[in-house]
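# Working through the structure, step by step
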Amino acid sequence: MGIQRETAEEPERTGKMEQYIIGIDSGTSGIKAVLFDTKGNEIDKESYPLTGIYPEENMFEEDTAEIWEKGSRAIRAVAQRNRDKQVIGIGITAQGDGLWMFDKEMKPVRNGACFCDGRAADIVDRWVSDGTCDRLFELTGTRVFTGNQNGIVKWMEENAPKDLEKAAYLMHLKDYLFYRLTGKITTDATDQSLIFLNQETREYMDEAFAVCGLEKYREKYPPVLPAKENAFTITGEAAQELGLPEDVLVTSGPMDVSACALGSGVTEAGQCCSIMGTAALHEMVLDKPLQDDIRAGMTITHVMEDRWLRLMASLAGTPNLEWMLNTIGSQVKADAKAAGKNVYAYMEEMIEKVPIGSRGVMYHPYLLAGGERAPFTDPRARASYTGISVRHTLADIVRATYEGVAFAMLDCYQHMPGEIKRLTVCGGGANSAVWCQMFADAVGTQIVTVKGDELGAKGVVLNNAVVQGIYGSYKEAVEATVELNRVYEPDMKAHEKYMKVYELYKETYERLRATWKLRGKLIRED
């Protein structure tokens with residue numbers, strides 16, 4: 001296809017004016033531009049929500065045009081408000097997995113399928129049955145789920161072949177944003193290592209395509225660069241549109257989970273990070289890949305050349321609270337408003353009066369279209385409350401919702417291949433002291449949070465700063481910019497109680513799995 005690998009020349013920086021870098025983070029629920037100084041401090045931010053599109057019950061898409069329009073608007077707003085500051089770089093991260101298809105003119109072929117999309121459920125079932133999933137795990141360390149790109153490409157082949165034929169490039173979201181800023185068509189190792197790369201060489205592996213029957217589409221994939229090399233100067237057109245200098249250096253990658261880990265200072269073997277956002281991404285740093293046979297979760301390269309991340313990428317994140325509030329929790333909203341309190345603070349007061357185990361109410365937090373993907377993979381998994389009787393109150397149900405997410409976290413760490421040396425929580429869930437203490441008690445380990453709200457954006461800013469020579473290494477960048485915020489010590493007596501209830505949590509979802517499959521069949525028939 002004529003894609004040529006190029007090497008960016010770093011612009012010469014002159015003068016003593018303080019320098020700044022913008023971090024772009026496009027998640028599932030929104031996109032943001034965050035301005036940082038080179039010491040890692042957040043200076044300014046602009047964000048916009050994104051619209052989820054649900055053509056069918058098991059599909060979750062987003063409009064690429066909307067993402068770029070809102071992303072460019074966010075960059076422009078930050079640039080305009082900070083015209084007195086010298087912006088020298090932009091770093092980009094975004095949600096991983098999914099499928100974003102573009103024609104030869106780099107126009108979107110159709111809406112992007114997000115990481116939590118579940119359309120490939122039947123294909124993944126087939127791959128489980130014929131051994132494809134086992135072979136892919138042996139090759140890549142990833143247990144395939146419906147939101148991985150290979151399953152969605154296969155779905156396109158079987159259900160939308162004309163769209164797949166029209167696509168010249170099969171990409172990830174951050175790669176498109178990078179193209180809009182630089183005109184370069186590339187990807188980085190963190191995104192592609194999920195399913196298509198040799199973990200040691202960080203290069204495409206032909207067998208990973210062939211085992212899925214996708215070798216004919218190998219030519220549609222852009223060249224892979226390390227995040228440290230995926231760096232090019234902004235185009236003159238983009239600089240003018242966004243109100244930025246024409247020598248701004250743009251870097252792409254690492255993907256969101258690696259970026260959050262870097263921005264949180266999680267870089268050494270045994271250190272762990274839980275990103276409590278739309279999904280709940282639990283990860284452990286490894287110094288060697290493919291050393292376990294825990295056939296769950298994923299393995300990706302970290303931004304550093306000699307580190308990898310073992311992921312238990314649960315879909316059980318903070319939307320569970322939002323959904324509860326917007327449906328059965330309307331009374332909670334009204335009571336909080338009447339009391340003149342923030343609704344989340346009010347809920348936390350409610351749940352502290354309810355004992356561990358929520359008086360027997362159990363919540364399984366599988367709300368998203370893709371079901372659950374770690375530590376088990378079931379695209380048909382759906383959320384449910386069980387154990388409710390006439391004696392239960394709304395407070396029991398609210399606490400059960402919080403606990404359901406905590407049990408999903410515990411479930412993931414029970415399947416990690418090593419001992420937790422330090423567990424950092426970030427994302428929206430890190431803002432709740434009550435929830436963080438619940439996490440510490442449930443998992444039975446110390447939880448820490450670090451200063452800063454936008455750690456994914458910070459991670460790509462640190463990568464950009466390393467590329468530009470502001471820091472000599474990622475370790476140096478982390479030591480200079482990452483600062484501890486709060487520490488939550490586990491109550492081990494509470495942990496013992498959580499572990500007893502956890503047995504019920506596991507037993508219940510194991511017994512529910514047959515009902516999820518039947519439900520999925522009935523939904524299709526309707």
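Below, the structure is looked at part by part. (Residues numbered from 1 in each chain as written. Predicted model: local features only at pLDDT ≥ 70, side-chain atom pairs only at ≥ 80, totals over all residues. Heavy atoms only, no water.)

Here we take up the overall build of the protein chain. Check the secondary structure of the protein chain and you find 18 helices and 21 strands. Here the protein chain has a C-alpha radius of gyration of 22 Å; the compact-globule value for 526 residues is 24 Å, and the two agree. Across its three principal directions, the C-alpha atoms of the protein chain cover 70 × 50 × 40 Å. Taken over 526 residues, the protein chain has a buried fraction of 61%. For the protein chain, long-range pairs separated by at least 24 residues make up 73% of all intrachain contacts whose partners lie at least 6 apart in sequence. (Helix = DSSP H or I, 4+ residues; strand = E, 2+ residues; numbered from the N terminus. Rg over C-alpha atoms; globule rule 2.2 N^0.38 Å. Buried < 20%, exposed > 50% of the residue type's maximum accessible area, 1.4 Å probe, protein only. Contact = heavy atoms within 4.5 Å.)

Before going further, it helps to spend a moment on the packing of helix α11 (residues 319-326) against helix α13 (residues 343-351). Axes are the key here: two packed helices are described by the angle between their axes and the distance separating the axes. It is the contact of α11 with α13, at a shortest axis distance of 13 Å, that shows an interaxial angle of 95 degrees. It follows from the interaxial angle that α11 and α13 lie roughly perpendicular. On the side of α11, the interface is formed by L321, E322, M324 and L325, while α13 contributes V343, Y344 and M347. Its residues assigned to classes, the contact of α11 with α13 comprises six nonpolar, no polar and one charged. (Axes fitted to C-alpha atoms, helices over the stretch in contact; angles between N-to-C directions. Parallel < 35°, antiparallel > 145°, perpendicular 65-115°, else oblique. Nonpolar A, V, L, I, M, F, W, Y, C, P; charged D, E, K, R; others polar.)

What follows covers the packing of aromatic side chains. All chains considered together, the criterion is met by 19 aromatic pairs. Aromatic side chains Y505 and Y509 sit 5.6 Å apart centroid to centroid with 85 degrees between the ring planes, which places their arrangement in the edge-to-face category. Taken together, the residues span about one helical turn, with Y505 and Y509 both in helix α18 (residues 492-525) at a distance of four residues. With respect to burial, Y505 and Y509 carry one shared label: buried. Taking the ring centre of Y48 as reference, the NZ or CZ of R73 above it sits at 4.5 Å. The residue whose ring lies beneath R119 is W155, and the NZ or CZ to ring-centre distance is 4.9 Å. (Phe/Tyr/Trp six-rings, centres within 6.5 Å; stacked < 30°, edge-to-face > 60°. Lys NZ or Arg CZ within 6 Å of the ring centre and 35° of its normal.)

All right, on to the sheet that holds strand β1 (residues 19-26) then. Spatially, β3-β2-β1-β5-β12-β11 is the arrangement adopted by the six strands of the open sheet, whose pairing is mixed. The open sheet is flanked by β3 (42-49) and β11 (231-233), the only strands paired with a single partner. On average, adjacent strands in this sheet sit at an angle of 20 degrees to one another, irrespective of strand direction. Here eight bridges tie β1 to strand β5 (residues 86-94), and the two strands are oriented parallel to one another. Bridge pairing in β5 links Q19 to Q86. Along the sheet, helix α1 (residues 64-81) makes contact with β1, β2 (30-37) and β3, crossing β3 at roughly 150 degrees. Packed onto the sheet, helix α16 (residues 455-467) meets β1, β2, β5, β11 and β12 (249-252) and runs at close to 135 degrees relative to β1. (Pairing = 2+ DSSP bridges.)

Now for the nonpolar core. Counting 100 residues, the largest nonpolar core has I22, I90, L170, L181 and L244 as the members making the most contacts within it. The element best represented in this core is α1, accounting for six residues. Contact partners of L244, with chain neighbours within four places excluded, come to I22, I75, A79, V87, I90, I234 and A239. Counting residues in hydrophobic clusters, the runner-up holds 58 residues, among them C272, A280, L325 and Y346. (Core = buried A, V, L, I, M, F, W, Y, C linked by side-chain atoms within 4.5 Å.)

We now examine the sheet that holds strand β14 (residues 280-286). Read across the open sheet, the seven strands follow the order β15-β16-β14-β13-β19-β20-β21; overall the sheet is mixed. Across the chains shown, the open sheet's two edge strands, defined by having one partner strand only, are β15 (298-301) and β21 (484-488). Ignoring strand direction, the axes of neighbouring strands in this sheet form an average angle of 25 degrees. Across five bridges, strand β13 (residues 271-276) lies against strand β19 (residues 422-426) in parallel orientation. Within β19, the residue paired with Q271 across the bridge is R422. Each of β13, β19, β20 (447-450) and β21 touches helix α15 (residues 433-443); the most contacted strand, β21, lies at about 55 degrees to it.

This next bit is on helix α6 (residues 173-182). Most of α6 is tucked away, with eight of its ten residues classed as buried. Residues of α6 that are buried: L173, K174, D175, Y176, L177, F178, L181 and T182. Just downstream of α6 lies G183, where phi reads positive at about 80 degrees.

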